[in-house]
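Fold and geometry: a report
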Amino acid sequence: MLDATTLGSLLVGVGAVVGGVVAYLGKRGENALTGYSSLTDNLQEERDRLDKKNAELLTELAEQSALRAADQAEIARLRGIITQLGGQP
C-alpha cells in the first residue's frame, strides 16, 4: 500500500504531466490560430490590393474607350470631308 505522502507525490507528478500536455496542446492551438489569423490578414490585404488594381484598370479602360470614341468620330468626320470633295474613303 502507498502512504499518503507517496500518493500525494504521485498525484502531483501526474498533475504536472497532464498540465504539461495541456500547455503543449494549448500552445499548438494558439500557433494554429495565429497562423490562421495571419493567413486571413494576408488574404484580405491581397484582395484589397487586387480590388484597387481592378478599379485602376477599369478607369484606364474607360479612358481608352472615350479616346476610341473620339477617334471614331474624327474618322467619320474626315470620311465625310473626303466624300464631299469627290473622293472615296
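Structural data are supplied above this passage.
First things first, this report covers the structure right here in the doc.

Quick notes on the rules
- Along each chain, the written sequence defines residue order, and numbers are assigned to residues from 1.
- Thresholds applied to this predicted model are a pLDDT of at least 70 for local features of residues and 80 or more for the giving and counting of side-chain atom pairs; totals over whole chains, interfaces and linings are not thresholded and use all residues.
- Side-chain numbers here rest on the full set of heavy atoms in the structure, without hydrogens or water.
- Helix and strand assignments come from DSSP, with helices taken as H or I runs of at least 4 residues and strands as E runs of at least 2, each series counted from the N terminus.
- Using a 1.4 Å probe on the protein chains alone, a residue whose accessible area is under 20% of its type maximum counts as buried, one over 50% counts as exposed, and one in between counts as partly exposed.
- The Shrake-Rupley method, run with a 1.4 Å probe sphere, supplies the accessible areas, and residue values consider only the shown protein chains as cover.
- A pairing counts as a salt bridge when a side-chain nitrogen of Lys or Arg comes within 4 Å of a carboxyl oxygen of Asp or Glu.
- Two joining distances apply to patches: 9 Å for like charges and 5 Å for nonpolar side chains (Val, Leu, Ile, Met, Phe, Trp, Tyr), and every residue must have over 30% relative accessible area and no salt bridge.

**Here we look at the overall build of the protein**
Each helix and strand in the protein was counted, giving one helix and zero strands. For the protein, with 89 residues in total, the buried portion stands at 0%. Carbon together with sulfur atoms contributes 63% to the accessible area of the protein, which is approximately 7800 Å² in total.

**Some details on the pattern of salt bridges**
One side chain can pair with another of opposite charge once the charged atoms of both are near each other. Taken as a whole, this structure holds three salt bridges when the rule is applied. Across the salt bridge formed by Arg 49 and Glu 46, the nearest N and O atoms sit 2.7 Å from each other. Highlighted residues: Arg 49 and Glu 46, both in helix H1 (residues 4-84), separated by three residues, approximately one helical turn. By relative accessible area, which is 45% here, Arg 49 ends up partly exposed. A salt bridge links Arg 77 to Glu 74; its shortest N-O distance comes to 2.8 Å. Here Arg 77 pairs with Glu 74, and both are found in helix H1, just three residues apart, close to one helical turn.

**Digging into a nonpolar patch on the surface**
Taken together, the side chains of Leu 78, Ile 81 and Leu 85 present a nonpolar region at the surface, about 290 Å² in accessible area. For Leu 85, the location among the structural elements is in the segment after H1.

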